[in-house]
Amino acid sequence: MFFDHIEAAPADPILGLTEAFNRDTRADKINLGVGVYKDEDGKTLILKSVKKAEQLLLEGESTKSYLPITGLPEYGRLARELIFGAGSELVDGGRAISCHCPGGTGALRIGADFIHQQNLTRTVWISDPTWVNHYQIANSSGLNFERYPYYDRINHNLAFERMLETLSQAKEGDVVLLHACCHNPTGIDPTHEQWEEIADFLAKRHLLPALDFAYQGFGKGLDEDAWGVREIIRRCPEVVISSSFSKNFGLYSERAGVLTVVSADEKTAAKVLSQVKVAIRTAISNPPAHGEKIVTTILSDRDLRAEWESELRVMRDRIRRMRVLLVEKLKEAGAGDFSFITEQNGMFSFSGLNKEQVEKLREDYGIYAVASGRICVAGITERNVERLAQSIAAVVMAG
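Notes on the structure in this doc start here. (Residues numbered from 1 in each chain as written. Predicted model: local features only at pLDDT ≥ 70, side-chain atom pairs only at ≥ 80, totals over all residues. Heavy atoms only, no water.)

Re the side chain of D174
Along the polypeptide, D174 turns up in the loop between helix 6 (160-167) and strand 7 (175-179). Despite its burial, D174 remains without a salt bridge, the nearest opposite charge being carried by K171 at 6.8 Å. Once residues within four sequence positions are removed from consideration, D174 is found in contact with T121, T123, W125, L207 and L208. (Helix = DSSP H or I, 4+ residues; strand = E, 2+ residues; numbered from the N terminus. Buried < 20%, exposed > 50% of the residue type's maximum accessible area, 1.4 Å probe, protein only. Lys, Arg positive; Asp, Glu negative; His and termini not counted. Salt bridge = Lys/Arg side-chain N within 4 Å of Asp/Glu carboxyl O. Contact = heavy atoms within 4.5 Å.)

Now the structure itself:
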């Protein structure tokens, strides 16, 4: 037999958590595991701007023919505007090329394939902790990975000095993967001063920055969340960026992502584009169209873009409000000082809870979180935050 020696793979920690949550019959259960935005009613709704764009597409679309290998040129240009700013020379100057990939994950994978196929390096340095799929993508692409420390568990902040100390071991040409904003899973981002130091460090040591930009607009704002990326671009002539429209447009199932590669000059960028096309062609042939056309329609229309930015602001503000409210309720419940949660950004928070406390929350209270203590703040609502805080206080005080 060909397949009888194959062993079952371990369950995905996030998807497995969702399956367990769905099996739970308790009416007051709370899911803080899955990384999707939910409104106050616990629903992941389609944005109004997206619905309007889809109506325009439905009325005007005349073909379902293949897209170019790299997607629509305007989609890439608009993505670069969001990343670099409308006034940047990288939008139309020729040094930066952008390709539509199936989601941020697809962009990461195509980028890793490109790096491996062109023998740019054998090693990528990845934060510890990180989104677990980063490690798997590196390995599946034929790359080795090393970890650099990121989270200070005692002080609940960025382990900045240890991070740079460890990265000083990287060899010239190695790739350093950074979360551009809203670090998953910790929610901790570098300060402006730290971003400047990181950018100088990468440039001085001739390391290739690779940025995972999955949550633009979910932290402090579209431009504010791009601050670190733009500082690195000012100092490093070559950068690889994987961005996603899953979160900020709510297009989770449409798989609308972008791989952008910045080169030192236009001539090199043209060569890079030709090789990225090969990586895309061998992986997916052509990208999906619907999500890409939604994004392009919204960003190209002044009124739709304004409405989208307003909806994005509502999502961002609700997450921030839930952070503050949770900290207040935890203090009232006697759980201690959790004020560090308000210093984090985006959908995720490292709550400080350990594995045993997370298990007790699930078993005794029907509250589901990742074993590391990561919680999705978007799963908190004004209706469940009181019970959540009291439950956390109970497990914390129980030791």
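As for the side chain of Q344
Secondary-structure assignment places Q344 in the loop between helix 12 (302-332) and strand 11 (348-350). Q344 gets classed as buried once you look at its relative accessible area, which sits at 1%. A distance of 2.6 Å separates polar atoms of two side chains, one belonging to Q344 and the other to S349. In this view, Q344 contacts T186, G187, I188, R320, R323, S349 and F350; residues no more than four positions away in its chain are not counted. (Polar contact = N/O pair within 3.5 Å; in protein donor to acceptor, adjacent residues only side chain to side chain.)

Focus: the pairing of strand 2 (residues 96-102)
Of all seven residues making up strand 2, six are buried, and the element is well covered by its neighbours. Pairing analysis gives seven bridges linking strand 2 to strand 10 (residues 256-262), with the strands arranged antiparallel. Across the sheet, residue I97 finds its bridge partner in strand 10, namely V261. (Pairing = 2+ DSSP bridges.)

With respect to helix 6
Of all the positions in helix 6, only F160, M163, L164, T166 and L167 are classed as buried. Looking straight down helix 6, one finds that the buried residues subtend no more than 160° of arc, so they occupy a single side. Residues of helix 6 that are exposed and angled more than 90 degrees away from the buried face: E161 and E165. (Arc of directions from axis to C-beta.)

Focus: helix 12
Look at helix 12: 45 Å from first C-alpha to last across 31 residues, which is about the 45 Å you get at 1.5 Å a residue. At the N-terminal boundary of helix 12, the capping side chain belongs to D301, with an oxygen 3.0 Å from the backbone nitrogen of D303. Count one or two residues on from helix 12 and you reach G334, which has phi positive near 85°. (Expected span 1.5 Å × (residues − 1).)

Concerning the state of the cysteines
Evaluation of the coordinates by the stated rule reveals zero disulfides. Not part of a disulfide, C181 finds its nearest cysteine sulfur in C182, a span of 3.8 Å. Judged by its relative accessible area of 4%, C181 falls in the buried class. With no disulfide of its own, C236 has C181 as its nearest cysteine by sulfur position, at a separation of 18 Å. (Disulfide = S-S within 2.5 Å.)

A word on the pattern of salt bridges
Using the criterion set out here, one finds 19 salt bridges in the structure. Salt-bridge contacts for E307 lead to K52; the nearest nitrogen and oxygen are separated by 3.0 Å. Of this pair, E307 sits in helix 12 while K52 is found in helix 2 (residues 48-60), placing the two residues 255 residues apart along the sequence. With a relative accessible area of 43%, K52 lands in the partly exposed category. Note that E309 and R305 form a salt bridge whose closest N and O atoms lie 2.9 Å from each other. In this pair, E309 and R305 both sit in helix 12, four residues apart, roughly one turn of the helix.

What to know about the packing of aromatic side chains
Per the stated rule, a full pass over the model turns up nine aromatic pairs. Seen from their ring centres, Y151 and F350 are 4.8 Å apart, and the 85° between their planes marks the pair as edge-to-face. Taken together, the residues span a long stretch of sequence, with Y151 in strand 5 (residues 151-152) and F350 in strand 11 at a distance of 199 residues. There is no split in this pair, since Y151 and F350 are both buried. Look at F245 and F249: their rings are 5.4 Å apart centre to centre, the planes differ by 80°, and that puts the pair in the edge-to-face class. Neither residue differs from the other here; F245 and F249 are each classed as buried. Feature note: the residues Y75, F245, F249 and W308 constitute an aromatic cluster, connected by ring pairs. (Phe/Tyr/Trp six-rings, centres within 6.5 Å; stacked < 30°, edge-to-face > 60°.)

Remarks on the sheet that holds strand 4 (residues 144-149)
Spatially, the seven strands line up as an open sheet ordered 2-10-9-8-7-3-4, and their pairing is mixed. Each of the sheet's edge strands pairs with one partner strand only, and the pair in question is strand 2 and strand 4. The average angle at which neighbouring strand axes cross in this sheet is 25°, direction not considered. Across six bridges, strand 9 (residues 239-244) lies against strand 10 in antiparallel orientation. From the neighbouring strand, S243 faces strand 10, where its bridge partner is V258. Where helix 6 meets the sheet, it contacts strand 3 (123-128), strand 4 and strand 7, and its direction lies at approximately 145° from that of strand 4. (Axes fitted to C-alpha atoms, helices over the stretch in contact; angles between N-to-C directions.)

Thoughts on the environment of L78
Positionally, L78 belongs in helix 3 (residues 73-84). The class for L78 is buried, based on a relative accessible area of 3%. Residues L78 and E7, spaced 71 residues apart in sequence, show a C-alpha to C-alpha distance of 44 Å. Beyond its immediate chain neighbours, meaning those up to four positions away, L78 contacts T296, L299 and S300.

Section: the environment of K331
Its location among the elements puts K331 in helix 12. On the basis of relative accessible area, K331 is assigned to the exposed category, the value being 66%. C-alpha separation for the pair K331 and V91, spaced 240 residues apart in sequence, amounts to 47 Å.

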